[in-house]
Amino acid sequence: MSDLYTLPIAARPAHPTPLRNRLLFFPIVLAGGLAILGVQACFVPIGLLSRGWSACKRLLSVRNQGTWLESVYEWGLKRTKQMFGMLLILVTVLFAPTTITLTSDASIPLNDILVRPDPGNKHGLTYLKLPTDLVIMSNHQAYLDWIFIWILGHLSVTPGNAKGREYRHGSRSLIILLKRSLKWIPLLGWGMQFYRFIFLARSWALDRTNLSIALRDLATRARRGAGLWVLIFPEGTITSDDERAKSVRYARKEGVPDFVNLLHPRSTGLLFILRTLIPQINTLRLLDITIGYPGVARGGYAQEWYGLTSVFIKGIAPPTINMHLRLVNLHGEVIPGVTDETGKDAPKDDDTPSDTTPLLNQHDQGERITAGPPHPSRVPGVASEQQAREFNVWLRRRWGDKEALLDRFTTTGGFAVPPRGDNGDAVVDEVEKRGLVQGPPVVIPIGLW
C-alpha cells in the first residue's frame, strides 16, 4: 500500500481498510468533538453575561474597554481552538501519519522561523515562530488543506510571557472564511460559530456589511494582543471539472491565459479584508501558502487522490504535505489597490468591541441589511473600481507564481528541486528565474504536542 497514493482513488486496486482506522476513527473523532463542544458550552453563559454587561455600558455611554467576563470567555475560546488542533494532530498521527515539508523564498528564511529541540531532548518537537498577526491566503487543492494549515498554526508558538511558561499557538487565533451553508451543520456548525469563523453567502451585497463588522471586531481584539490569523482561499473552492470550466470562461472573458494547476482567484473578499485590517493592525503580514500533494499529475485534481475517506479511513495518506511560504510586509511593500491608498482615508476603529460573537447572535448579520448599499464612509475597506482592477492584476500575478511552483512540483516532486535536462544538469525554469525558492526544504514531523 506504500505507493497507492500515486494513483487516483478510482484507479486503485481493492485493498483492505486498516482495522484500527475502521474501528477507532469515528469513536475518537466523535468523542473528541463532543468533549470540545462540552467545554465550549460551559463558556456560553459567560459570553452572554459579557454581552449583556457591554450593552448596559453602551446605554450608559460608558467607554467599553473589556471586562473580566470577556477575558474569561476569550480564554475559553482560545483553549478550545488549541484543543481542536490537538485533536487534528492525534487523528493524523493515529490514522494518517505524515509530515509537513516546508520551503520558502527570501521573504521568510526558514532558519529564522524554525525552533529545533535541544540535541539532548529525544522527545522534543520542531516548532515555528510565525508572526502573530497574519492574513493567510492559499491555493485550494483538497479538503485536507485547512486541516494541515490548522496543524501548521498549532505548531507555530510564541512565548506568552517573559518566563516562557505560557505559549500562544497560532491556531488559537485562527479565523476561517467559510460558506454560510456550513454554519448550520449540527454540532460542527455550532463549534465553528463559537470560534467566530466568518460565514459568507458569496453575495457581496450581503457579505460586505457582515464581513466589515466581524473584521473590525477581530482587529480590536488583535490590537489588545490576542493575535489574529485570518485564512482565506481566494479560489473559493477546490478544483473540479465544473470549477475548471468556470475558470476557463473567466480567462476567456478577461483575455488572459487560464491556469493548469489552479483556478483563477477571486479578489474581492481578500481585497476588502486587507483594506479593512491594514489601517487597524500595524503588525499585520500576508502569508502566501502554496500547497502541493505528492503523486498528483499536472492539471490533476488533488481531491481525486486524497479524499478525506481515502486518507483517514483507508489510511492512504500523502507521504508529506508540501507547503511553500512567502511573506508580504503589508506596511513595507506596495500592493496595488491596497497599500498605495489604504490608510489615507480609512479611519481606525476605536477600542470598543462590537460584540459580534456569532454563537450568541440571535439573528444573522446579513439579514439585517437595509435596502441599498452602505455609505462608503461606513465601510472603509471598499475599493474603487480602478483599485480593484489593479489588485486583481497583482493577485493574478501571485497565482502565476504558484502555477510555476506547482509545475516544478509535479515535474520533480518538490518545490526546491530544480528540473533536470537530458544531460542531467539543472534546468533554469520559471521558479529559478523569479527567485521563488531559497534554501533547502525542511521536514516538520507531526507529533503529539
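Note that this is a predicted model, so its numbers are computed, not measured.

Each value, and the rule that gives it
Residues numbered from 1 in each chain as written. Predicted model: local features only at pLDDT ≥ 70, side-chain atom pairs only at ≥ 80, totals over all residues. Heavy atoms only, no water. Pairing = 2+ DSSP bridges. Helix = DSSP H or I, 4+ residues; strand = E, 2+ residues; numbered from the N terminus. Axes fitted to C-alpha atoms, helices over the stretch in contact; angles between N-to-C directions. Salt bridge = Lys/Arg side-chain N within 4 Å of Asp/Glu carboxyl O. Buried < 20%, exposed > 50% of the residue type's maximum accessible area, 1.4 Å probe, protein only. Core = buried A, V, L, I, M, F, W, Y, C linked by side-chain atoms within 4.5 Å. Contact = heavy atoms within 4.5 Å. pLDDT = per-residue confidence, 0-100.

### A few points about the sheet that holds strand β9 (residues 228–232)
Now for step 1: The 8 strands are arranged β8-β7-β9-β4-β10-β11-β1-β12 in an open sheet whose pairing can be described as mixed. Among the strands making up the open sheet, the edge pair consists of β8 (198–200) and β12 (442–445). Sheet twist, expressed as the average angle between the axes of neighbouring strands with direction ignored, equals 25 degrees.

### Quick look at the pattern of salt bridges
Now for step 1: Scanning the entire structure with this criterion turns up 18 salt bridges.
Now for step 2: Across the pair R224 and E70 runs a salt bridge, and its minimum N-O distance is 3.4 Å. Note that R224 is positioned in helix α6 (residues 204–226) and E70 in helix α2 (residues 68–95), a separation of 154 residues in sequence.
Now for step 3: According to the relative accessible area criterion, R224 is partly exposed, its value standing at 36%.
Now for step 4: In this structure, E74 engages R196 in a salt bridge whose closest nitrogen and oxygen atoms are separated by 2.6 Å. Here E74, found in helix α2, pairs with R196, found in the loop between α5 (188–194) and β8; they are 122 residues apart in sequence, far enough to count as distant. You'll find E74 and R196 in the same group, each marked buried.
Now for step 5: Through salt bridges with shared partners, a single ionic network connects E70, E74, R196, D217, R221 and R224.

### So, the nonpolar core
Soluble globular proteins tend to bury their nonpolar side chains together.
Now for step 1: Counting 61 residues, the largest nonpolar core has L102, I151, L287, I289, Y293 and M323 as its most contacted members.
Now for step 2: Among the elements that take part in this core, α2 stands out by supplying 8 residues, more than any other.
Now for step 3: Excluding anything up to four places from it in sequence, L102 contacts L110, L128, L152, M323, L325, P441, V442 and I444.
Now for step 4: Formed by 42 residues, the second largest nonpolar core is a distinct cluster that contains L215, F259, I278 and L395.

### Let's talk about the pairing of strand β10 (residues 285–292)
Now for step 1: β10 sits mainly inside the fold: 7 of its 8 residues count as buried.
Now for step 2: Of the strand pairs in this sheet, strand β4 (residues 133–138) and β10 are connected by 5 bridges, and their pairing is parallel. Following the sheet pairing, I136 is matched in β10 by L287.
Now for step 3: Note: β10 against strand β11 (residues 321–329), 8 bridges, orientation antiparallel. Paired with G292 across the bridge in β11 is N322.

### Digging into unusual backbone geometry
Negative phi characterises most residues that are not glycine, and trans characterises most peptide bonds.
Now for step 1: Phi at L187 takes a positive value of approximately 65 degrees, unusual for a residue other than glycine.
Now for step 2: Tracing the chain through its elements places L187 in the loop between β7 (174–179) and α5.
Now for step 3: Exposure remark for L187: the relative accessible area of 37% places this residue in the partly exposed category.
Now for step 4: Positive phi outside glycine occurs at R196, with the angle close to 65 degrees.
Now for step 5: The buried category is assigned to R196, whose relative accessible area is 7%.

### A few points about the confidence of the model for the protein
Fine structural detail should not be taken from predicted coordinates in areas where pLDDT scores are low.
Now for step 1: Mean pLDDT over the protein stands at 84; residues scoring 70 or higher make up 85%.
Now for step 2: Throughout residues 161–165 the model reports pLDDT below 50, and contacts reaching past four residues in sequence, or to other chains, amount to 2 contacts.
Now for step 3: For the stretch residues 342–379, pLDDT sits under 50, and the model shows 81 contacts to residues farther than four places along the chain or on other chains.

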